[in-house]
Amino acid sequence: MSLATYNGAGLRRDPGFLRRMWAMVVKEFVQMRRDRMTFATMIMVPVLQLVLFGYAINTDPKHMPTAVLTRDDGPLTRAVLTAMKNTDYFDFRQQVHDPDELDRLIRSGTVQFAIEIPASFERDVRRGDRPSILVIADATDPVATGTAIAAVQGVIDTALRRELRGPDAAVAATPAPFQITLQRRYNPEGITQYNIVPGLLGVVLTMTMMMFTALAVTREIERGTMESLLSMPIKPVEIMIGKIAPFVLIGLVQMTIILLAAHYLFGVPILGSVPLLITLSTLFAASNLAVGYTFSTVAQNQLQAVQMTFFFFLPNFLLSGFAFPFRGMPQWAQWIGEVLPLTHFIRIVRGIALKGNGFADMQVDVLALFIFMIVAMGLALLRFRRTLD
Amino acid sequence: MTEIAIEVEGLTKSFDGRIVVRDLSLKVPKGEIYGFLGPNGSGKTTTIRMLCGLLTPDSGRGTCLGYDILTQSDEIKREVGYMTQRFSLYEDLSIRENLEFVARVYGVPNPRAAAREAIQRLGLSGRANQLAGELSGGWKQRLALGACILPSPRLLLLDEPTAGVDPKARREFWEEIHRLAAEGITVLVSTHYMDEAERCHEIAYIAFGELLARGTANEVIAQSGLSTWVVSGPDLQHLAEELHKRKGVDMVAPFGTELHVSGRDKRALNAVIAEAKKADGAHHWTRGQPSLEDVFILLMSNAKDNYA
Ligand SMILES: Nc1ncnc2c1ncn2[C@@H]1O[C@H](COP(=O)(O)OP(=O)(O)OP(=O)(O)O)[C@@H](O)[C@H]1O
Ligand SMILES: [Mg+2]
């Protein structure tokens, strides 16, 4: 201590509100500057949000994958298909040959629309028999299919009128030379809750599970308990599983609450097997726990870990098809979406609840979740430092 | 031939290019209490961490309980109890829960019974359900020691186990350590207390990462070649300042109402003292025995400070 301090009470007078506050401000800035990662996130989060909201999200999705079953391939049929394609809503990906195949594609979510043109369509139209075109929409997400469905009727009309000139003009003049049978599958009344509530299960699990484990390792390091732990004969994989397992149980409790609420409060149907749904939700919870754990092996402190989970949560929320139609996003955003666990889980949970899907319909998504979990755990084990170096 | 518990050679460790432990060699026989001394930042904690596999040495090699410190840290961890300098058990667990956790990790057959036994042994019976974070500093240290010895290790590495512990508890602590050593457990203990150093079978002194002296307390004192005079009388502060300037006097240290005047060159020191005696008769001079502290302070002031 310098002598000056003792020179008199006058030197140690009350520094006042502003100075004390300023002392705090200076300290906080110094600490903020030490933590580069926090600094980076403060810049990155707004940028990420701008990009995702600005470019990736589109509530009027176009170019939706569509399967076609044509039992008639006359010029009229071709005209109908071309007209549909010209709306930009439909993207004909698959030509199939039997109705079962059509069902399977819709159920597995491979296509959003399926169109069946009946046999002798052309002849029936020209005869004035008003044949029926079947348009099946996967209406799980009413937002995704709404505008496309509205566009269908008019477009087919104009296509037919252009094609039916000359001797058949009389037919074209009648109000409707054909009919459209529209099947809004899985959510015929277009109830938004049916779509949102099951997805919510995934969102809640993502957010909470990741947050739990993201602090797991950083907390031990920050509190100094890591030094003891590392000096004990326990292996990284044992630490990891020991830290993840309890939260799987918490996840199960959350699932039960959400599923009960979904069913009894919002009337969401659960057509498929509940045990299957619970099993796959547990797998999903475990993959998120693994991701959180990986973050905690990378983060230097708890604040960073929380920021990482938020950073990861944002694209999950926006690009998974939960909040906005998956098919409405540009290709690059869909690719990002494909590597996010929530995307696959949303498909699984909507599939089981609304479509009554079984395991066979969702193999790809289940595999994706599984791979995700294994990769996250592998990374965590690689990143886990067994020494204090 | 005695069995060796720790034998390391040429351990070197640096952080961010700064050497913190330099070419350190140690040999600790089984069943011995080995004191590890040195000023703050001299590399004691770093060395202990290298011994139990928590830090990887940049170079050097050696064994701990016969296991290679570089490749067999899993085996070492099973048989070593490491008590960290900073309390590192779970503050949000109770004493009992902490001990049960330790017992389970080490695979102790009946963790509950083992924890109960340890609680009794530590004299913590009334506090078994108290959160570790709520314990006073000294009690935390006792708990930490209890956790260390619970899995019956063959080697204890104790990093300043008695920092902040009251004298009575400290004595009990050392009685416990001697009991353990008698059972054949080897103890490496770092400390800043001289009385504790004297309770060790052997000590090593390290400063600025380098081992400067080792042996029994008496050997270390003898090796230093230091001789000491004890002075008492009026105005010791002034006398100390005077003596400090003289050649042959390496160290002048006040001890209560006395002054310890020491030097490595016995002849030169005696000459200075004789002269001082003649110059003023007010002081009383007696030949003294250099203490360990005198020796350590001398060693430290001679060691080159690689941060300076
Ligand atoms: N993880 C680390 N990163 C950088 N420097 C470190 C690290 N750990 C220790 N050091 C440095 O190594 C030197 C030795 O530290 P160490 O903790 O081994 O000293 P010590 O002898 O235990 O001191 P004390 O008596 O104060 O406990 C110190 O200068 C310290 O700053
Ligand atoms: Mg230390």
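Here the structure is a predicted model, which is why all the values come from computation and not from measurement. (Residues numbered from 1 in each chain as written. Chains lettered and ligands numbered in written order. Predicted model: local features only at pLDDT ≥ 70, side-chain atom pairs only at ≥ 80, totals over all residues. Heavy atoms only, no water.)

Peer 1: Would you mind going over the overall build of chain B with me for this structure?
Peer 2: Helix and strand content of chain B: 11 helices and 14 strands. Overall size of chain B, expressed as C-alpha extent along the three principal axes, is 75 × 45 × 40 Å. Taken over 308 residues, chain B has a buried fraction of 54%. A separation of at least 24 residues holds for 69% of the contacts in chain B among residues at least 6 apart in sequence. (Helix = DSSP H or I, 4+ residues; strand = E, 2+ residues; numbered from the N terminus. Buried < 20%, exposed > 50% of the residue type's maximum accessible area, 1.4 Å probe, protein only. Contact = heavy atoms within 4.5 Å.)

Peer 1: Honestly, the site of ligand 1 in this entry has me stumped. Any pointers?
Peer 2: Residue and element names in this part refer to chain B. What surrounds ligand 1 is a group of 14 residues, the closest being Arg18, Gly41, Lys44, Thr45 and Thr46. At 3.0 Å, a side-chain N or O of asparagine 40 approaches an oxygen atom of ligand 1. In the model, an oxygen atom of ligand 1 is placed 3.2 Å from a nitrogen or oxygen of the glutamate 160 side chain. Elements represented by at least two residues in the shell around ligand 1 include exactly strand E2 (18–29) and helix H1 (44–51). When residues in the shell around ligand 1 are grouped by element, the largest group, 3 residues, is from H1. Its residues assigned to classes, the shell around ligand 1 comprises 3 nonpolar, 8 polar and 3 charged. (Near = heavy atom within 4 Å. Polar contact = N/O pair within 3.5 Å; in protein donor to acceptor, adjacent residues only side chain to side chain. Nonpolar A, V, L, I, M, F, W, Y, C, P; charged D, E, K, R; others polar.)

Peer 1: What is the right way to look at the domain arrangement of chain A in this model?
Peer 2: The parts lose accessible area when they come together, and the size of an interface is often stated as this lost area. Residues and elements named next belong to chain A. As far as domains go, chain A holds domain 1 (64–185) and domain 2 (192–388). On a C-alpha basis, the centroid separation for the pair domain 1 and domain 2 is 40 Å. Contacts between the two partners involve 15 residues from domain 1, matched on the other side by 9 residues from domain 2. It is Arg107, Thr140 and Asp141 that lose the most area in domain 1 upon contact with domain 2, and together they represent 50% of the buried surface on that side. Taken together, domain 1 and domain 2 are joined by 2 salt bridges. Across the pair aspartate 361 and arginine 107 runs a salt bridge, and its minimum N-O distance is 3.3 Å. (Domains from an automatic or database assignment. Buried area = accessible area lost by both parts, 1.4 Å probe. Salt bridge = Lys/Arg side-chain N within 4 Å of Asp/Glu carboxyl O.)

Peer 1: What exactly am I supposed to notice about the sheet that holds strand E13 (residues 258–263) of chain B here?
Peer 2: Either a parallel or an antiparallel arrangement is found when strands of a sheet pair, and the pairing is made through backbone hydrogen bonds. Residues and elements named next belong to chain B. Strand order in the open sheet made by the 4 strands is E12-E13-E11-E14, with antiparallel pairing throughout. One side of each edge strand has no neighbouring strand; the edge strands of this open sheet are strand E12 (251–255) and strand E14 (284–288). Direction aside, the axes of adjacent strands within the sheet are offset by 25 degrees on average. The sheet contact formed by E12 and E13 spans 5 bridges and is antiparallel. What sits directly across from alanine 253, in E13, is histidine 260. Along the sheet, helix H9 (residues 236–244) makes contact with strand E11 (227–232), E12, E13 and E14, crossing E13 at roughly 10 degrees. Helix H11 (residues 292–302) contacts E11, E12 and E13 of the sheet and is inclined by roughly 140 degrees relative to E12. (Pairing = 2+ DSSP bridges. Axes fitted to C-alpha atoms, helices over the stretch in contact; angles between N-to-C directions.)

Peer 1: Please explain the nonpolar core as it appears in this structure.
Peer 2: Core analysis: the biggest nonpolar cluster contains 152 residues, and Tyr293(A), Ile6(B), Leu99(B), Leu157(B), Ile203(B), Leu292(B) and Phe296(B) have the highest contact counts within it. A per-element tally of this core places helix H12 (residues 274–298) of chain A first, with 12 residues. The contacts of Ile203(B), once residues within four sequence positions are left out, are Tyr34(B), Gly35(B), Leu37(B), Ala197(B), Ala213(B), Arg214(B), Gly215(B), Thr216(B), Ala217(B), Val220(B), Leu292(B) and Phe296(B). Counting residues in hydrophobic clusters, the runner-up holds 20 residues, among them Phe113(A), Phe121(A), Ile133(A) and Val135(A). (Core = buried A, V, L, I, M, F, W, Y, C linked by side-chain atoms within 4.5 Å.)

Peer 1: How should I be thinking about the packing of aromatic side chains in this particular structure?
Peer 2: Geometry of an aromatic ring pair is reported as the spacing of the ring centres plus the angle between the planes. Residues and elements named next belong to chain A. Tallying each qualifying case throughout the model produces 9 aromatic pairs over all chains. Look at phenylalanine 313 and phenylalanine 317: their rings are 5.8 Å apart centre to centre, the planes differ by 35 degrees, and that puts the pair in the tilted class. Here phenylalanine 317 and phenylalanine 313 lie together in helix H13 (residues 302–319), a separation of 4 residues that amounts to about one turn. Overall, phenylalanine 317 belongs to the partly exposed group, its relative accessible area being 28%. (Phe/Tyr/Trp six-rings, centres within 6.5 Å; stacked < 30°, edge-to-face > 60°.)

Peer 1: What is the right way to look at the coordination of the magnesium ion (ligand 2) in this model?
Peer 2: Under perfect tetrahedral coordination by four donors, a metal shows angles of 109.5 degrees; under perfect octahedral coordination by six donors, it shows angles of 90 or 180 degrees. Residues and elements named next belong to chain B. Summarising the metal site, the magnesium ion (ligand 2) is bound by the protein donors Thr45 (OG1) and Gln85 (OE1), whose distances to it range over 1.9 to 2.1 Å. Of this pair, threonine 45 sits in helix H1 while glutamine 85 sits in the loop between strand E6 (80–83) and helix H3 (95–105), and the two are 40 residues apart along the sequence. What makes threonine 45 buried here is its relative accessible area of 17%. The partly exposed category is assigned to glutamine 85, whose relative accessible area is 38%. (Donors = N, O, S within 2.8 Å, 3.2 Å for Na, K, Ca; no water.)

Peer 1: Looking at this model, I keep getting lost on the pattern of salt bridges. Mind explaining?
Peer 2: When their charged atoms lie close together, side chains carrying opposite charge are able to pair. Per the stated rule, a full pass over the model turns up 33 salt bridges over all chains. Note that Lys168(B) is salt-bridged to Glu172(B), the shortest N-O span being 3.0 Å. One end of the pair is Lys168(B) and the other is Glu172(B), both in helix H6 (residues 167–182) and 4 residues apart, which spans about a single turn. Residue Lys168(B) is classed as exposed on the basis of its relative accessible area of 61%. With relative accessibility at 34%, the residue Glu172(B) sits in the partly exposed group. A cluster of three or more residues bridged by salt bridges with shared partners is formed by Glu338(A), Arg347(A) and Asp365(A).

Peer 1: What am I meant to see in a nonpolar patch on the surface here?
Peer 2: Residue and element names in this part refer to chain A. Among the surface-exposed residues, Phe39, Met42, Ile43, Val47, Leu50, Val51, Tyr55, Trp332, Trp335, Ile336 and Val339 lie close enough to one another that they form a single nonpolar patch of about 1200 Å² accessible area. Mapped onto the nonpolar patch, the elements with two or more residues apiece are helix H2 (36–56) and helix H14 (331–338). If you tally residues by element for the nonpolar patch, the top one is H2, at 7 residues. Tracing the sequence through the fold places isoleucine 336 in helix H14. (Patch = residues over 30% accessible without salt bridge, like charges linked within 9 Å, V, L, I, M, F, W, Y side chains within 5 Å. Areas by Shrake-Rupley, 256 points an atom, 1.4 Å probe, with all protein chains shown as cover.)

Peer 1: Would you mind going over the side chain of Ser231(A) with me for this structure?
Peer 2: Summarising the element assignment, Ser231(A) is placed in helix H10 (residues 225–231). According to the relative accessible area criterion, Ser231(A) is buried, its value standing at 6%. In this structure Ser231(A) touches Leu54(B), Lys77(B), Tyr82(B) and Tyr106(B), once residues within four positions along its chain are discounted.

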